[in-house]
Amino acid sequence: MKKNMDTESHTEPGGIPRPDITVAHNILLALAQKGRLSFKELMSMPLTTKGIARRTANSYYTALARLKRRRQIVRTTDHRYELTQIGEYAAMKAFVRKEIVVLEEARMAEKTSTPTAQRWDGKWRIAIFDMPESKRPLRDYLRGMLKRLGCREFQRSMWIYPHRLPPFVGKLFEDPQVRKYVRLLTVSDIDYDDDIQRKFKIR
């Protein structure tokens, strides 16, 4: 997950991850975790979430063909599959999507429509972006992800949230191609934040 971070961003309209996990996503996640895998090994890998589409041999053949056309995977000489540089980025996005699905499933199980139902600890989490225009697809994707999690745009290129962000966000921001453009701050004091508290319904 270290190269070509803004390749094939058009697969995520508006930068907002959709709430579904497909067989193709499962393949990308398996290859990112295990490296080279045969068709049989891919079929035997556990599903990432219960929301994934039904698994059949035909669905895997179709997904593998699609991933090869997108140049996200290649078939090796020993008849196994592995990620390309483009595929590493696609696997990162699949990882984020999976984590969001798991998070939203947990919220639904708890009958919590928004994360702001948590008790506020008095601290703000602020994500600051400083990306060149050439990185716009990546910037849009990260913004979409934060919006999906419930963050709000505080000022231009600054997103704010009143609770701890899920651990996968920190892991994503540590990626070498992301961390040099993003800073994540935890702030306990803002001169005036009554309006922000009202937006998050914590006041």
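As a reminder, the structure under discussion sits directly above these lines.
Residues numbered from 1 in each chain as written. Predicted model: local features only at pLDDT ≥ 70, side-chain atom pairs only at ≥ 80, totals over all residues. Heavy atoms only, no water.

Colleague: With reference to specific residues and values, describe the packing of helix H1 (residues 23-34) against helix H4 (residues 85-109).
Modeller: With their axes 9 Å apart at the nearest point, H1 and H4 run at an angle of 110° to one another. Taken together, H1 and H4 sit at an angle that is classed as roughly perpendicular. Like other packed secondary-structure pairs, H1 and H4 cross with a definite hand, here left-handed. Each of His25, Leu28, Leu29 and Ala32 in H1 lies in contact with H4, whose residues at this interface are Gly87, Ala90, Ala91, Ala94, Phe95, Arg97 and Lys98. (Axes fitted to C-alpha atoms, helices over the stretch in contact; angles between N-to-C directions. Helix = DSSP H or I, 4+ residues; strand = E, 2+ residues; numbered from the N terminus. Parallel < 35°, antiparallel > 145°, perpendicular 65-115°, else oblique. Left-handed = near helix turned anticlockwise from the far one by under 90°. Contact = heavy atoms within 4.5 Å.)

Colleague: An account of the pairing of strand E3 (residues 124-129) is requested, with residue identities and associated values reported.
Modeller: Counting buried positions over the six residues of E3 gives five, a clear majority of the element. In this structure, E3 lies alongside strand E6 (residues 182-187), joined through six bridges in antiparallel fashion. Within E6, the residue paired with Ile126 across the bridge is Leu185. (Buried < 20%, exposed > 50% of the residue type's maximum accessible area, 1.4 Å probe, protein only. Pairing = 2+ DSSP bridges.)

Colleague: Describe the pairing of strand E5 (residues 158-161), naming the residues involved and giving the relevant values.
Modeller: Burial along E5 is two-sided: the residues Met158 and Ile160 and Trp159 and Tyr161 are all buried. Alignment of E3 against E5, held across four bridges, turns out to be antiparallel. Counted as the bridge partner of Ala127 is Trp159 from E5.

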